[in-house]
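# Residue-level structural notes
As a plain string of letters, each chain reads:
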Amino acid sequence: MPTVDGSAKVGTEQGGLAESVVTSHPENTQMTDSTRGAAVGAPVCLTGLIKRYEDSVAVDDVSLDIPAGEFVTFLGPSGSGKTTTLNMIAGFTEADEGQIELDGNTIDKVPAHKRNIGVVFQHYALFPHMTVEDNVAFPLKRRRVPKPERTSRIAEVLDLVRMSDYAKRLPRQLSGGQQQRVALARALVFNPRLLLMDEPLGALDKKLREWLQLEFKRIHQELGITFVYVTHDQEEALVLSDRIAVFNHGKIEQVGTATDLYERPETLFVAEFIGESNCFKGRYRKDGEHGILESEQFELRGPAGSDAETPDAVLVVRPERVSIRREGVNPSNGANVLRGTVKQVIYLGSARKTEVVLSDGRELVVRESASVGEGPEAGQPVEVFWEPEDSVLLRGSAARGPDLAQLANEVK
Ligand code: ADP
Ligand code: MG
């Protein structure tokens, strides 16, 4: 086996990489039935996956149905179990409990190299002494694909990742982004019906990341295969995914589209992790068609939940749902209204963020379009308001949130 370029991590912890990416048996090849452009994604079904290590549970009862051709992202802070789950799908890590189905077949007992799944990691893991062309040819040679077909497949996949002009170069003659595109070509050249990517843009700078995100999206659309993508970067998840599974402490907290997660977070963790939010803790009770969050300082209205009173509750409102009272911009009768003083105003080009210190010392953020005209300045007293329906009321265990200080440290 040729040496694998990349860190020791790639060589050991993810030691199945070279095998899985480049090895399979001839009977597993799908050269004939899956051609570029056809919708050939495989559905994936995870049921009750558990992975324990000596003193911790890395993955704690993960179940997820991924339809054929979906782009699903595992998003969560470092250590939340994303890689372990991905490695169980790839076959590099054995689950202690649970089941994985690929295209309707249980694959728990199928070794990684027979799963025919494409894998791309953060570290490019290209063979350093081989040209781009030879790197990409490797999985095909292993599958004993005849030379003429190999040549056309390589040309096709290098064209797909826009690397045709670099076929004769060695990995060290390529930039990080180019190397990652070659790694992607190598993972796709044998026409897998499922592609797994673990933080593939983690080592690249922001501009390149943003460009490659769009490339991944295009390639996903062109191929129609299923993509499972891992990142700790919420913006990346929002840009790329059909659906996002939010991981926390080995569990999936919520699965949904970007809009679901942003507009209807089901837990405080999701509300805090996806985008910015203003959170108010208090007690919950129902009052007619509204839910009420009350604390010593205030009473806020939100959408009604259950009839039962709950001691632990949180009302979440996104910064762009909050308005600052001014001439022509007034709250309705039922709106939540709070008083405070502007702490600072941050200009973000098309938007403006106003940080307000409320009368009880709590801070609240308002995000407005810059087109609404001049806003109040630092030091000015203001009234902020929002409609009850524009907030989310979380109760009980859903309102028990992350340790934010810890989150801030973990998520860069
Ligand atoms: P993520 O990819 O979300 O950052 P991982 O799936 O890599 O998280 O890890 C989840 C948890 O499992 C972490 O607490 C990690 O330390 C632990 N873990 C992962 N691999 C091993 C291992 N080989 N041995 C012991 N603990 C591990
Ligand atoms: Mg990881």
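Everything in this summary refers to the structure shown in the same document. (Residues numbered from 1 in each chain as written. Chains lettered and ligands numbered in written order. Predicted model: local features only at pLDDT ≥ 70, side-chain atom pairs only at ≥ 80, totals over all residues.)

## Overview of the packing of helix α4 (residues 132–142) against helix α6 (residues 176–188)
For the pair α4 and α6, interaxial distance at closest approach is 7 Å and the crossing angle is 25°. Classified by the interaxial angle, the pair formed by α4 and α6 is roughly parallel. As α4 runs across α6, the sense of the crossing is right-handed. Each of V132, N135, V136, F138 and P139 in α4 lies in contact with α6, whose residues at this interface are V182, A185 and R186. (Axes fitted to C-alpha atoms, helices over the stretch in contact; angles between N-to-C directions. Helix = DSSP H or I, 4+ residues; strand = E, 2+ residues; numbered from the N terminus. Parallel < 35°, antiparallel > 145°, perpendicular 65-115°, else oblique. Left-handed = near helix turned anticlockwise from the far one by under 90°. Contact = placed C-beta atoms within 7 Å.)

## Focus on the site of ligand 1
If you check the shell around ligand 1, you find Y53, S56, A58, G76, S78, G79, S80, G81, K82, T83 and T84 and nothing else. At the level of secondary structure, the elements contributing two or more residues to the shell around ligand 1 comprise β2 (56–66) and α3 (82–90). Ranked by residue count, the leading element in the shell around ligand 1 is α3, at three residues. Residue classes in the shell around ligand 1 are distributed as two nonpolar, eight polar and one charged. (Near = placed C-beta within 6 Å. Nonpolar A, V, L, I, M, F, W, Y, C, P; charged D, E, K, R; others polar.)

## A few points about the pairing of strand β19 (residues 381–386)
Here two bridges tie strand β15 (residues 323–324) to β19, and the two strands are oriented antiparallel to one another. Note on β19: the bridge partner recorded for S323 is F385. For strand β16 (residues 336–347) and β19, the ladder comprises six bridges, and the chain directions are antiparallel. Across the sheet, residue T341 finds its bridge partner in β19, namely P381. (Pairing = 2+ DSSP bridges.)

## With respect to the sheet that holds strand β7 (residues 194–198)
The six strands lie next to each other as β6-β7-β8-β3-β9-β10, forming an open sheet whose pairing is mixed. Both edges of this open sheet fall to β6 (118–120) and β10 (251–256), since each of them pairs with a single strand only. Each strand axis lies, on average, 15° off the axis of its neighbour in the sheet, ignoring direction. One ladder, built from five bridges, connects strand β9 (residues 243–248) with β10; its direction is antiparallel.

## Observations regarding the nonpolar core
One finds A185 and L196 to be the most contacted residues of the largest nonpolar core, which totals 102 residues. Among the elements that make up this core, the one with the highest residue count is α6 (six residues). In terms of domain composition, this core takes at least three residues from each of domain 1 (8–263) and domain 2 (268–410). For A185, the residues in contact, after removing those within four places along its chain, are V136, V157, L158, V161 and M163. (Core = buried A, V, L, I, M, F, W, Y, C linked by C-beta atoms within 7 Å. Buried ≥ 20, exposed ≤ 12 C-beta atoms within 10 Å, placed from the backbone. Domains from an automatic or database assignment.)

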